[in-house]
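Observations on chain architecture
Each chain, letter by letter, is given below.
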Amino acid sequence: MKVAVVGATGMVGEVMRQVLAERHFPLTEFLPVASEKSVGQLVNFGGKSYPVISLADAVAARPQLALFSAGGSVSLEWAPRFAAVGTVVIDNSSAWRMDPDKPLVVPELNADILTPADKIIANPNCSTIQLVVALNKLHQAYTAKRIVVSTY
């Protein structure tokens, strides 16, 4: 599987690269993607160095999967371009979270809602994901009516 990490040079992109490597994700080609100022910079993945490519070059490469963590404006502009060439985009920004036409998915809870037609998949923010995974079983057993959460 050809996989692009959009925002590969950022902190979250670095963790995405680490997790893909640690979990031995079955990829056949790795595409680190970042802004034009980072194109050509080398990033490490699985013990090898890879040159960062541009968003346009990544779309042209037609990856099967693109993990996005490059901010909402990048996601709004580029996720549809990836989706148009058949790439499944998993977006870590807030860009698509409230879009009624994009599934909002926490894989441990509702991955079953996904269909082959879903090309842009949103996920909740980091605090929400952890909270809903932890609270899901409690809610199933006791039916929570309200939860108030503060993050700082």
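Residues numbered from 1 in each chain as written. Predicted model: local features only at pLDDT ≥ 70, side-chain atom pairs only at ≥ 80, totals over all residues. Heavy atoms only, no water.

1. Focus on the sheet that holds strand 2 (residues 29–33)
Definition in use: Strand pairing is assigned whenever DSSP identifies at least 2 bridges connecting the two strands. Secondary structure counts use DSSP, requiring at least four H or I residues in a row for a helix and at least two E residues in a row for a strand, with both numbered from the N terminus. Angles here are taken between N-to-C directions and fall from 0 to 180 degrees, while the axes themselves are lines fitted to C-alpha atoms, restricted in helices to the stretch in contact. Here, residues are in contact when the closest pair of their heavy atoms is within 4.5 Å.
The parallel open sheet is built from five strands, whose spatial order is 2-1-5-6-7. Looking at strand neighbours, the two that pair on one side only are strand 2 and strand 7 (120–122), the edges of this open sheet. On average, each strand axis in the sheet is inclined to that of its neighbour by 15°, with strand direction left out of account. Where strand 5 (residues 65–68) and strand 6 (residues 88–91) come together, four bridges link them in parallel fashion. Its bridge partner being in strand 6, Ala66 is matched across the sheet by Val89. Set on the sheet, helix 1 (residues 11–22) makes contact with strand 1 (2–6), strand 2 and strand 5; between it and strand 1 the angle comes to about 155°.

2. Some details on the nonpolar core
The line we're drawing: Residues grouped as a nonpolar core are buried Ala, Val, Leu, Ile, Met, Phe, Trp, Tyr and Cys residues, joined through side-chain atoms within 4.5 Å. The buried label goes to any residue with under 20% of its type's maximum accessible area, the exposed label to any with over 50%, and the partly exposed label to all in between, with areas taken from a 1.4 Å probe on protein chains only.
Judged by nonpolar contacts, the single largest core of 18 residues is most densely connected at Val33, Phe68, Phe82 and Val89. Broken down by secondary-structure element, the contributors of at least two residues to this core are strand 1, strand 2, helix 2 (55–61), strand 5, helix 3 (72–84) and strand 7. Per-element tally for this core: the top contributor is helix 3, with four residues. Setting aside anything within four residues of it in sequence, one finds Val89 in contact with Ala66, Phe68, Ala79, Phe82, Ala83, Lys119, Ile120 and Ile121.

3. Some remarks on the layout of surface pockets
Operational definition: Points on a 1 Å grid over protein atoms alone make up a cavity when a 1.4 Å probe fits among them but cannot get out, and a pocket when they form an open set with protein on both sides within 12 Å along at least five of seven lines; lining residues each have an atom within 4 Å of a point. Grid points are joined across faces, edges and corners, and a volume is the space filled by probe spheres set on the points. Side-chain classes are defined by residue name, with Ala, Val, Leu, Ile, Met, Phe, Trp, Tyr, Cys and Pro counting as nonpolar, Asp, Glu, Lys and Arg as charged, and the others, Gly among them, as polar.
For the largest pocket, the calculated volume is near 900 Å³. Met16, Leu67, Ile90, Pro107 and Asn123 are, among the 22 residues lining the largest pocket, the residues nearest its centre. The element that contributes the greatest number of residues to the lining of the largest pocket is helix 1, accounting for five residues. When grouped by side-chain class, the residues that make up the lining of the largest pocket number 17 nonpolar, three polar and two charged.

4. Some points on the pairing of strand 3 (residues 42–45)
The side-chain alternation of strand 3 yields one buried face, formed by Val43 and Phe45, and one unburied face, formed by Leu42 and Asn44. The pairing of strand 3 with strand 4 (residues 48–51) spans four bridges and is classified as antiparallel. Within the sheet, the bridge partner assigned to Val43 lies in strand 4 and is Tyr50.

5. Structural notes on the packing of aromatic side chains
Inclusion rule: Here is the rule: rings of Phe, Tyr and Trp (six-membered ring for Trp) pair when centre to centre is within 6.5 Å. Planes less than 30 degrees apart are stacked, more than 60 are edge-to-face, and the remainder are tilted. The rule for a charge over a ring is simple: NZ of Lys or CZ of Arg within 6 Å of the ring centre, and within 35 degrees of the ring normal.
Taken as a whole and judged by the stated rule, the model has four aromatic pairs. A centroid spacing of 4.2 Å and a plane angle of 20° characterise the contact between Phe30 and Phe45, whose relative ring orientation is stacked. Here Phe45 lies in strand 3 and Phe30 lies in strand 2, a separation of 15 residues in the sequence. The pair formed by Phe30 and Phe45 is uniform in burial state, with each residue classed as buried. Between the aromatic rings of Phe30 and Tyr50, the centroid separation amounts to 5.2 Å while the plane-to-plane angle is 80°, which identifies the pairing as edge-to-face. On the criterion of sequence distance, the pair formed by Phe30 in strand 2 and Tyr50 in strand 4 is long-range, its members being 20 residues apart. Taken as a pair, Phe30 and Tyr50 share a single burial class, namely buried. Among the aromatic residues, those joined into a ring-pair cluster are Phe30, Phe45 and Tyr50. Note that Arg81 overlies the ring of Trp78, its terminal NZ or CZ placed 4.1 Å from the centroid.

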